[in-house]
Amino acid sequence: MLNMAEGMARLAALAESRVVSTVARAFADAGHELAIVGGPVRDAILGRPTHDLDFTTDARPDDILRIVTPISTAQWDIGRAFGTIGARIAGEQVEITTYRADSYDGVTRKPTVAFGDTLEDDLVRRDFTVNAMALRVPGPTLVDPNGGVEDLLRGLLRTPTDPRISFGDDPLRMLRAARFSSQLGFEVDPATVEAIEQLRETLRIVSPERIQGELVRLLQTDDPVRGLRLLVETELIEEFLPEIPALRLEVDEHHHHKDVYEHSLTVLRQAIELEGVRHPDAAPDVALRLAALLHDIGKPATRKLEPGGGVTFHHHDVKGSRMARKRLKDLRFDAATIESVSRLIELHLRFFGYAEGAWTDAAVRRYVRDAGPELDRLHILTRADVTTRNKRKAARLASAYDDIESRIDTLREQEEIDAIRPDLDGNDIQRILGITPGREVGEAYRFLMELRLDEGVLGPDAAEQRLRAWWAARS
């Protein structure tokens, strides 16, 4: 339960911090207003950690730069056209923006930048009431013209103005509603939900890069499933990730199978839990979370109803990998993330053959080789993919994966399993066989690699004997 007395005490402490008091004094001495605005105010009231500070002021960009230069160790003006000056003050990064009163043409996201004159007018143009509060400094004085504190107490996301106007100003705010719902654990006001449903197609004017950024921030929250459900229920997700609602496969009375959509959300939640257990101090693993969410998107395209009530999804791993690669590329994800996610989806079924019967050491080596740098993520994804309610089956699969991880650790101690390579390299092959660089060297290298995978470390002498025998047999 939110305690406002404690929240106000935290705001007072924030105002008295070294960086805030330093900036506030400089602007007051220059005759200008200054206020902390947005997320830092909200988070201080809620008792959440506050990070990069955002200020707003009646000073224009040139004046802001003039005021902060003597009290900062660095300044940057990349956002000057939009009224924002950044600086490093007392060891912290801050951004200070002139009051805004932008207008939009309703066709593109590019605003006609206009500076405002009052803090209250600046706040009303912000996305949600809980982000439209400010703390005037020095003072301090809480400014909340839109009922943000009341919405914090109610756990409610609501726009300061008519949501149709707010989302018309910036359609990305619809996606931000899902992100803040997950981040704060808040419900979204019914009128706001209705506006998202009505205006979802306007998201098409927003660049893929901005959409990707909000999707990443959503996935980085502790419970992205909450926001994802909102996106699916309002159909907003159809505009940028239609593969997710497509997972809600129709189930008839004869062909029963898991609800793939609900299964995927459960896998995402379980992957996040395992991620926290295995890497408690690490940043959220976006690639892993994307793979968990998307791992079954190939099922709708490969679904086949079999006689007798069976359902198959043959090769949905390969199909899903290709689909994910294309979708993530369209959303302008970086190459490393695309490669990781598509590879994890392609490999996510590989382990289940192990549970049916113990693998040879060669099979375990191939599993490690094929996973490469994604092995740890694959461990998490594969474990998270077990959502059966059959406790005996779940226990059997967990035991099987414990076993394969143990065997990998044993092989890691015995040989360089994480960097599997033949006992001889290309130069050795050319020297031993008396050949020059070309196709035959590649064939010999592949032979030695298969030998390494099948039998482990042989040593250079034994590998040379086997290579010569292979060469003689093919001549």
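The structure we're discussing is the one just above.
Residues numbered from 1 in each chain as written. Predicted model: local features only at pLDDT ≥ 70, side-chain atom pairs only at ≥ 80, totals over all residues. Heavy atoms only, no water.

## A closer look at the pattern of salt bridges
And then number 1: Considering all chains together, one arrives at 45 salt bridges under this definition.
And then number 2: A salt bridge links arginine 377 to aspartate 285; its shortest N-O distance comes to 2.9 Å. Of the two residues, arginine 377 sits in helix α19 (residues 375–384) while aspartate 285 sits in the loop between α12 (260–278) and α13 (286–294), which places them 92 residues apart along the sequence.
And then number 3: A residue is classified by how much of its surface remains accessible, and arginine 377, at 23% relative accessible area, is partly exposed.
And then number 4: Accessibility expressed as a relative area gives 17% for aspartate 285, which makes it buried. (Salt bridge = Lys/Arg side-chain N within 4 Å of Asp/Glu carboxyl O. Helix = DSSP H or I, 4+ residues; strand = E, 2+ residues; numbered from the N terminus. Buried < 20%, exposed > 50% of the residue type's maximum accessible area, 1.4 Å probe, protein only.)

## Some thoughts on unusual backbone geometry
And then number 1: The omega angle of the peptide bond from valine 137 to proline 138 is -10°, so this bond is cis rather than trans.
And then number 2: Despite not being glycine, alanine 90 has its phi angle at roughly 50°, a positive value.
And then number 3: Along the chain, alanine 90 turns up in the loop between β4 (84–89) and β5 (92–98).
And then number 4: Classification of alanine 90 as partly exposed rests on a relative accessible area of 33%.
And then number 5: One non-glycine residue, arginine 332, lies in positive phi territory at about 65°.

## Some details on the nonpolar core
And then number 1: Ranked by internal contacts, the top residues of the largest apolar core, which has 112 residues, are Phe240, Ile244 and Leu294.
And then number 2: For this core, the leading source of residues is α13, giving eight residues.
And then number 3: In contact with isoleucine 244, not counting residues within four places along its chain, are Val232, Ile237, Tyr261, Leu293, Leu294 and Ile297.
And then number 4: The next biggest cluster of nonpolar side chains, apart from the first, holds twelve residues, and it includes Val441, Leu451, Ala463 and Leu467. (Core = buried A, V, L, I, M, F, W, Y, C linked by side-chain atoms within 4.5 Å. Contact = heavy atoms within 4.5 Å.)

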